[in-house]
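Examining the three-dimensional arrangement
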Amino acid sequence: MTIEVPRETWQGAVREVTLGAVGDGGSRTTTVTVGGERSLPFLHFEAPLPHRPVMAAEVSDVYPDDWSPALLETLGEDARDPGAWAARMVDAGAELVALKLRGAHPERQGLGADECVATVRKVLDAVGVPLIVYGPGTPDKDNEVLVAVAEATKGERLALGNCEEKNYRTLVAAALGNGHLVIGQTPIDVNLAKQLNILIGDMGLPLDRVLMDPNTGALGYGIEYTYSVMERLRLAALMGDTMTQQPMISMAGEEAWRQKEARAAEGVPEAWGDLADRGVAWETTTASALLQAGADIVVLRHPRSLAAVGRALDELMKEA
Amino acid sequence: MALTGLEIYKLLPQTNCKECGFPTCLAFAMKLAQKGTELSKCPYVTEETTATLDAAAAPPVRLVKVGDGERAFEVGNEVVLFRHEKTFYHQPGIMLRVRDDDPQLAEKAAAAAAYEVERVGVTLRLDGVVVEQAAGDAAAFAAATAAAAAASDAPLALVADDPKALAAALGGVAGRRPLIGPATAQTWRDVAALAAEHGCPVLVRGDGDLDALAELTASVKGAGVEDIVVDPGAAGAGSLVAATTQLRRLAIKKNVRALGYPLLAWCAGDTVEDAVACATVAIAKYAGIVVVDRLDAALLYPLVTWRLNLYTDPQKPIQVEPRLYEIGAPDADSPLLITTNFSLTYFTVSGEVEGSGVPAWLLVADADGQSVLTGWAAGKFDAEKVAKTVKDSGVGARLNHAKLVIPGHVATLSGEIEEELPDWHVLVGPREAADLPSYLKNVWAAQ
């Protein structure tokens, strides 16, 4: 009996996107390139995987007092200092730092552009890896602080997020004018993701400076929708649909740690297990699943999840 | 591959004798293709036709039952590579491996069988225990198997390199229809003979060579064993994904019967998070049985949840039970919000409310599993439905206030709802769930 190994031949490929710049206005010691896939995740027998998927660590500019106690306990005092925090996560294996400027939110500290720029500089000084910078998540404030950050860090090739359908022009313009990248986020839908890529591209930003975030549902909270939408986006990309060929980023940590399963230590069934392990497992499961659906960057919160996903990637990158 | 009506017609006598109850052979063939009648209705059908149709009707991945009685589980019978193409049908069994020299074997087997957790109204459990030979002594393996069987009512798998150990162990537990193996190039004759004698499914272990694996399953089948589970013999997660993807593609797209069996994956792991990462991949990538080594609820709970999520049928909008939900520990002064029973809507809204830290009452209306806007457009989430849901829930009696927060997308309903519920005051919430925390902390708090 002779059985041929079943290989698919795909017409398309995911675009390669490089974050961070070494020299030429960039102060990074390394850059990170994602994308370039010509097959479904980790099928080395089908096509070489040019870039290993990347782990980013989420860091907050202000103390995240609303985070799960399991995270706050582990992060300790580092959670009060974004520079020290970022450096610690890089030591733990993070290849990118995703800095979220939560303190700028009007309902939090309402920090202004200057303070945000200072925090970004502090983190840039503390680590050599490329940065993703997220605004606080409200359109006006996102535009205000991210434009200031973009201008103050011209040439660093930061990834700025999030662009949404109703609010992308200002951010795309800031990225365009200052040599940065953007992240487009859409609500768990193939066509909306595609449309936002088109809109961003229409403004003249080269598509090798665009990441897409099809939005993450955590384990137990709609992960199956995200999983299938990411699979469908990746299949469309490989089949040659050029507007779905952006590398995908997933906020696996943020979504997993928001859920009760990653927060509640008491008053939950014994069959849930111990919170410290359960929270890490919830995050690791969410990230591991979405890596199989095609995620190129997973943004994580816990050093243990980061280490575990790193070891899992070591295994997944081995050719059979 | 299922045959079309015309393909079936060509295999029939084409005499239009009508004895099957249909006016013509073609009509009968069309009905057969739709699975609306049975081939046996035709008195003149040849054996060859029966065999061809049976083969065509067989699923590309064989359905295999492990165990016997109430806790037996079935895996296989899958027809797609991606769940969005149709759905995944049979959730993988999750089994705990215990070695025959483990002093806590009976205790672990009992705990594995007893593990259960409730999620969205479903009871999730582990599916069984794998007893593995480590000591190398047939009598010890038999004793360990007997102890595991006595301690647990769940299905068993017996894994021993020495067929004599399998034979010794099977004596006492054959009636429970354990999965036995591994059948390898060296051992398959003995293992298949045992399985045929006792009517057990067999675990066939490959070594990465597809041709050799197909020959092995064909040999085992030739020895009278139909129920086969394949261990591709993958060395790590990377080779597992490659192996399981190749096998699933060959079964479904190439119709290679000799490889159309459920797959088994081993997920040891030095820590909870390592084990969970491996098992998550195995569940995503086509494993029919996932074997873990750790009996730790923090590992098992995410895994059974992931399995449940992945095997949810994407063709049906999943609904949550329409009723009043308590988020946090709401009291009589806490806000009351209403939304629809589309599960993603519910999970998004409840997740945001939970994340806000503001305890709240969430009233879920029966909108036939549609989201807020779709439900509104279809008349399933209108003022009348909102009013009825509020009244039927009796939530008014539990509150010190009579304020109802409706989704911003149906702001237009607020006047009508106040007409239907004259004692209530309707507040228009945000359009997107993501803005709920801010709404609850500011707008609601200011009320």
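Computed from a predicted model, the values in this text were never measured in an experiment. (Residues numbered from 1 in each chain as written. Chains lettered and ligands numbered in written order. Predicted model: local features only at pLDDT ≥ 70, side-chain atom pairs only at ≥ 80, totals over all residues.)

Attention now moves to the overall build of chain A. Along its length, chain A carries ten helices and twelve strands. Scaling as 2.2 N^0.38, a compact globule of 320 residues should have a C-alpha radius of gyration of about 20 Å, and chain A matches this with 19 Å. Sorting the 320 residues of chain A into buried and exposed places 57% on the buried side. Put simply, of all contacts in chain A between residues at least 6 apart along the chain, 70% involve residues at least 24 apart. (Helix = DSSP H or I, 4+ residues; strand = E, 2+ residues; numbered from the N terminus. Rg over C-alpha atoms; globule rule 2.2 N^0.38 Å. Buried ≥ 20, exposed ≤ 12 C-beta atoms within 10 Å, placed from the backbone. Contact = placed C-beta atoms within 7 Å.)

Within chain B one finds 16 helices and 17 strands. Taking all 447 residues of chain B together, 49% fall into the buried category. The contacts in chain B between residues at least 6 apart in sequence include a share of 64% that link residues at least 24 apart.

Glancing now at unusual backbone geometry. The omega torsion across A:Gly161 and A:Asn162 is -5 degrees, close enough to zero to call that bond cis. By secondary structure assignment, the location of A:Asn162 is in strand β8 (residues 159-163). With an omega dihedral of 0 degrees, the bond running from B:Gly181 to B:Pro182 counts as a cis peptide bond. Within the element layout of this structure, B:Pro182 appears in strand β8 (residues 179-183). Even without being a glycine, A:Phe42 presents a positive backbone phi close to 65 degrees. Tracing the backbone shows A:Phe42 in the loop between β4 (32-34) and β5 (54-60). A residue is classified by how many C-beta atoms lie within 10 Å of it, and A:Phe42, with 28 of them, is buried. Residues other than glycine seldom take positive phi values, yet B:Asp368 does so here, at roughly 55 degrees. Within the secondary structure layout, B:Asp368 lies in the loop between β15 (360-365) and α13 (372-377).

With that settled, the discussion passes to helix α9 (residues 237-252) of chain B. The first and last C-alpha atoms of α9(B) sit 22 Å apart over 16 residues, in line with the 22 Å expected at 1.5 Å per residue. In terms of burial, α9(B) is a largely internal element, 15 of the 16 residues being buried. (Expected span 1.5 Å × (residues − 1).)

By size, the foremost hydrophobic cluster in this structure holds 239 residues, and its most contacted members are A:Val97, A:Leu160, A:Val182, B:Val129 and B:Val202. Of the residues forming this core, the biggest block, ten residues, is contributed by helix α10 (residues 272-284) of chain B. Residue contributions to this core reach at least three from each of two domains, namely domain 2 (64-310) and domain 3 (324-446) of chain B. With residues near it in sequence (within four places) discarded, B:Val129 still touches B:Met95, B:Leu96, B:Val98, B:Ala109, B:Ala112, B:Ala113, B:Ala148, B:Ser152, B:Ala154 and B:Leu156. (Core = buried A, V, L, I, M, F, W, Y, C linked by C-beta atoms within 7 Å. Domains from an automatic or database assignment.)

Right, let's talk about the packing of helix α2 (residues 82-91) of chain A against helix α3 (residues 113-126) of chain A for a bit. Residues and elements named next belong to chain A. The interhelical angle for the contact between α2 and α3, taken along N-to-C directions, is 35 degrees, at an axis separation of 8 Å. The handedness of the crossing between α2 and α3 comes out as right-handed. Only Thr-119, Lys-122, Val-123, Asp-125 and Ala-126 of α3 make contact with α2, whose side of the interface consists of Pro-82, Gly-83, Ala-84, Ala-86 and Ala-87. Its residues assigned to classes, the contact of α2 with α3 comprises six nonpolar, two polar and two charged. (Axes fitted to C-alpha atoms, helices over the stretch in contact; angles between N-to-C directions. Left-handed = near helix turned anticlockwise from the far one by under 90°. Nonpolar A, V, L, I, M, F, W, Y, C, P; charged D, E, K, R; others polar.)

On to the pairing of strand β11 (residues 263-267) of chain B. All names here are of chain B. Taking burial as the measure, the five residues of β11 include five buried ones, the bulk of the element. Side chains Leu-263, Ala-265 and Cys-267 project from β11 onto one buried face, and the interleaved Leu-264 and Trp-266 project onto a second face that is buried too. Inspection of the sheet shows β11 paired to strand β12 (residues 287-292) by five bridges, in the parallel sense. Paired with Cys-267 across the two strands is Val-292, which belongs to β12. (Pairing = 2+ DSSP bridges.)

What the domain assignment lists for chain B is domain 1 (5-57), domain 2 (64-310) and domain 3 (324-446). Relative placement of domain 1 of chain B and domain 3 of chain B: their C-alpha centres are 56 Å apart.

Moving on, we come to the interface of chain B and chain A. Listed by partner, the interface residues are 57 residues for chain B and 53 residues for chain A. Taken together, the elements giving at least two residues each to the side of chain B that touches chain A come down to β4 (116-119), α8 (210-222), α9, α10, α11 (297-310), α12 (343-356) and α16 (436-446) of chain B. Examining the composition of the side of chain B that touches chain A, we find that ten residues originate from one element, α9(B), more than from any other. Considered class by class, the residues forming the side of chain B that touches chain A number 27 nonpolar, 17 polar and 13 charged.

All names here are of chain B. Between α12 and α16, the shortest axis-to-axis distance is 8 Å and the interhelical angle comes to 45 degrees. As far as their axial angle goes, α16 and α12 are oblique. Like other packed secondary-structure pairs, α12 and α16 cross with a definite hand, here right-handed. Residues Val-349, Glu-352, Val-353, Gly-355 and Ser-356 of α12 touch α16, and the partners they reach there are Leu-436, Pro-437, Leu-440 and Lys-441. (Parallel < 35°, antiparallel > 145°, perpendicular 65-115°, else oblique.)

Residue and element names in this part refer to chain B. You can see Asp-162 is positioned in the loop between β7 (156-159) and α6 (163-173). A tally of 15 C-beta atoms within 10 Å means that Asp-162 is categorised as partly exposed. Along the chain, Asp-162 and Val-225 lie 63 residues apart, while their C-alpha atoms are 19 Å from each other. Leave out the neighbours within four places in its chain, and Asp-162 touches Gln-133 and Ala-138.

For B:Met30, the location among the structural elements is in helix α2 (residues 25-33). Along the chain, B:Met30 and B:Ile8 lie 22 residues apart, while their C-alpha atoms are 7.9 Å from each other.

Moving on: the pairing of strand β12 (residues 295-300) of chain A. Remark: a regular strand shows side chains that alternate across the two faces of the sheet. Residue and element names in this part refer to chain A. Counting buried residues in β12 gives six out of six residues, a clear majority hidden from the surface. In the sheet, strand β11 (residues 248-250) pairs with β12 via three bridges, with the strands oriented parallel. The residue of β12 that forms the bridge with Ser-250 is Val-298.

The next thing to look at is the environment of B:His90. All names here are of chain B. Structurally, His-90 is set in the loop between β2 (73-75) and β3 (93-99). C-alpha of His-90 to C-alpha of Glu-78: the two residues are twelve residues apart in sequence and 7.3 Å apart in space. Not counting residues up to four positions away in its chain, the partners in contact with His-90 are Glu-74, Val-75, Gly-76, Asn-77 and Glu-78.

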